[in-house]
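# A look at the structure
Each chain, written out:
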Amino acid sequence: MQFSEHGIFPKESLEELIRLGINPYPAEPFPVNVSARDIHQNYERNKTDYKDVSIAGRIMSRRIMGSAAFAELQDDSGRIQLYLRRDDLCPGEDKTLYNTVFKKLLDIGDIIGVTGYVFTTQTGEISIHVTTLKVLAKSLRPLPVVKETVDEAGNVIRHDAFSDPEQRYRMRYVDLIVNPHVRDTFIKRTQLVNSMREYLNGKGYLEVETPVLQPLYGGAAARPFKTHHNALDMTLYLRIANELYLKRLIVGGFTGVYEFSKDFRNEGMSRFHNPEFTQVELYVAYKDYFWMMDLVEEMIEKVAIDLHDTTQVKVGEHTIDFKRPWKRFTMFEAIEHFTGVNISEMDEAALRDACDKLKVPYDNTMGKGKLIDQIFGELCEPHLIQPTFILDYPVEMSPLAKKHRSKPGLVERFEAICNGKEICNAFSELNDPIDQRRRFEEQLELGLRGDEEAMTLDEDFLRALEYGMPPTAGLGVGIDRLTMIMTNSPSIQDVLFFPQMKPEKPAGGFNEKEFSAAGIRKDLFPVLQRLGINNLKQLREIKPSKLFNDVCGMRKKMKLEDVANPTMEEVQGWFSE
């Protein structure tokens, strides 16, 4: 358990609240009739509507001045200043609510509800004059202290920010509290999905659901997660894609179906990959990949406008323009453009020689398709910043795409590349069951050569195709990567509320017994904890002179007037065995 800003355990404050007859976690609802944003935006225009306000949120800062105090309350819309006077909160003889509860037992991070009226302070700050206060939830862990100052140019400067990426991703709940601007990314993510759903619904396509647990994984080249169903005593896989099930629905007679889905791939993690990710897949009968390219341009342009009121989006050092039409390259044209090498007629052996000359890494399990993809990914993709369609892929790379109508050895497939990464993949879907079986069998051969991402042979899907699937265009759009671009986020972890993380190393708690045995006074424990020193090993890694200065400086910063500074000799004694 950590210390509060008052230098006591929050649990002790909790117990004291209970002794005073205050339930720190009440069950009854607290009526809220206003938000911080509403007050800031509308109070000056219509002051009479803010004579009786009720609002709830977290205490984010406090400034106590004897019988009066200022505090900052944060709700989901922003922050608002509170003004509290002892005699207003406690009009009778009993001043416990202000003198004890507010001043001593409440901390930054506690959730309260207040009522009162809005006014403007002498410094021009819109505030709530509090007349009642209710404890709604006592926080047992102190929030990271984030302070903001404004420089002479009017820029807001954040001090001691909760900025370590691993901690932010692991404790997103804390990140959202102390870095409220992070919420904007996730709000835009939801707006992005809503924009796409609105577009697809407007076209008359049906949103559907398909199985997450599948007896065979398919629809992409990826390694699956495997699990076991006890009742059926069978192995199941978390889906790597929902393509094969959605195509079954096209066989069944639906003209257009789509699904926003969670998919899972048992692969490495990076700032562009998370093992659990979101995509939307769309399949429309009687269309082809040229038609789908037009749809993608139109839909993503709409998303940019809905989120930013413009087609131009700032991403890192680039300004990306999603205005139609987008540039188009065939894959072979792109490779020749960026490498100067024409690989269109090369066999597998020649491609390996080309990889050697171009210094592109590869391994012996890679067939012709993987080698071409490796060259493209290493030497072409990073240069494609503006949205660009790459089309007409080699047949070896695309076991589910229809053979090109006029170019032997290729398939009717495109990917949209933006900011150096793929954001979507689409085909004229293969609907020839005989050709599809042959492609699956070729994938099995690659699997025997050691390709762990080779597809399996799905007999039920082949049976569905044998009943006849109309000519169909299919599309998959990666929601996470598109959100990264639309929110100018450098890492996929920034657009996932709870990204996958390595197991957290067990953190040692504050070792009170160990410190007491070393002769350290208990009233200095809060100071050591604020310094991040939780055990003697950490303490003894610091030079005594530096530790002395750190402890004295932090005691002053925490305004612990009742706590005496240690002497230098006292600190040196802590290092004795």
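Each value, and the rule that gives it
Residues numbered from 1 in each chain as written. Predicted model: local features only at pLDDT ≥ 70, side-chain atom pairs only at ≥ 80, totals over all residues. Heavy atoms only, no water. Pairing = 2+ DSSP bridges. Helix = DSSP H or I, 4+ residues; strand = E, 2+ residues; numbered from the N terminus. Buried < 20%, exposed > 50% of the residue type's maximum accessible area, 1.4 Å probe, protein only. Polar contact = N/O pair within 3.5 Å; in protein donor to acceptor, adjacent residues only side chain to side chain. Contact = heavy atoms within 4.5 Å. Salt bridge = Lys/Arg side-chain N within 4 Å of Asp/Glu carboxyl O. Axes fitted to C-alpha atoms, helices over the stretch in contact; angles between N-to-C directions.

Turning to the pairing of strand 4 (residues 111-120), a few remarks are in order. Sheet topology note: the strand 1 (residues 53-65)/strand 4 ladder contains 6 bridges and is antiparallel. Its bridge partner being in strand 4, Gly57 is matched across the sheet by Ile112. Where strand 4 meets strand 5 (residues 126-137), 10 bridges bridge the pair, whose relative direction is antiparallel. Its bridge partner lying in strand 5, Val114 is registered against Leu133. The turn joining strand 4 and strand 5, which pair antiparallel and follow one another in sequence, is formed by 5 residues; a positive phi near 90° is taken by Gly124.

Within the fold, Arg189 resides in helix 7 (residues 182-202). Residue classification places Arg189 among the buried positions, given a relative accessible area of 14%. Separated by 2.8 Å, the side chains of Arg189 and Asp480 make a polar contact. In this view, Arg189 contacts Thr278, Ile479, Asp480, Thr483, Val495 and Leu496; residues no more than four positions away in its chain are not counted.

Let us now look at the sheet that holds strand 9 (residues 213-214). If you trace the 3 strands from one edge of the open sheet to the other, you get 9-11-10, paired in antiparallel fashion. Only two strands of the sheet have a single neighbouring strand rather than two, namely strand 9 and strand 10 (225-229). Strand direction decides the pairing type here: strand 10 and strand 11 (residues 234-238), joined by 5 bridges, are antiparallel. Residue pairing for strand 11: Thr227 is matched across the bridge by Leu236.

Once that is clear, we can look at unusual backbone geometry. The residue after Arg324, namely Pro325, is reached through a cis peptide bond having omega -5°. One non-glycine residue, Tyr286, adopts positive backbone phi at about 65°. Looking at the secondary structure, you find Tyr286 in the loop between strand 13 (276-285) and helix 9 (289-308). For Asn488, which is not glycine, the phi torsion reads 55° and is therefore positive. The topology assignment puts Asn488 in the loop between helix 15 (479-486) and helix 16 (512-517).

Here we take up the pattern of salt bridges. Between side chains of opposite charge, a pair can form when the charged atoms approach closely. Within this structure, the stated rule accounts for 43 salt bridges. The partner of Arg170 in a salt bridge is Glu166, with the nearest N and O atoms 2.8 Å apart. With Arg170 and Glu166 both in helix 5 (residues 165-170) and 4 residues apart, this pair spans about one turn of that helix. On the accessibility criterion, Arg170 (17% relative accessible area) is buried. For the salt bridge of Arg413 with Glu415, the shortest nitrogen-to-oxygen distance reads 3.0 Å. Residue classification places Arg413 among the buried positions, given a relative accessible area of 8%.

Let's shift gears to the sheet that holds strand 16 (residues 327-330). Read across the sheet, 8 strands follow the order 8-12-13-20-19-18-17-16 without closing on themselves; strand pairing throughout is mixed. Of all strands in the sheet, those with a lone pairing partner are strand 8 (206-207) and strand 16, marking the two edges. As paired elements, strand 19 (residues 421-428) and strand 20 (residues 472-478) share 5 bridges and run antiparallel to each other. Residue pairing across strands places Ser428 opposite Ala473, the latter belonging to strand 20. Sitting on the sheet, helix 15 touches strand 12 (256-264), strand 13, strand 18 (410-418), strand 19 and strand 20, and the angle it makes with strand 20 is about 55°.

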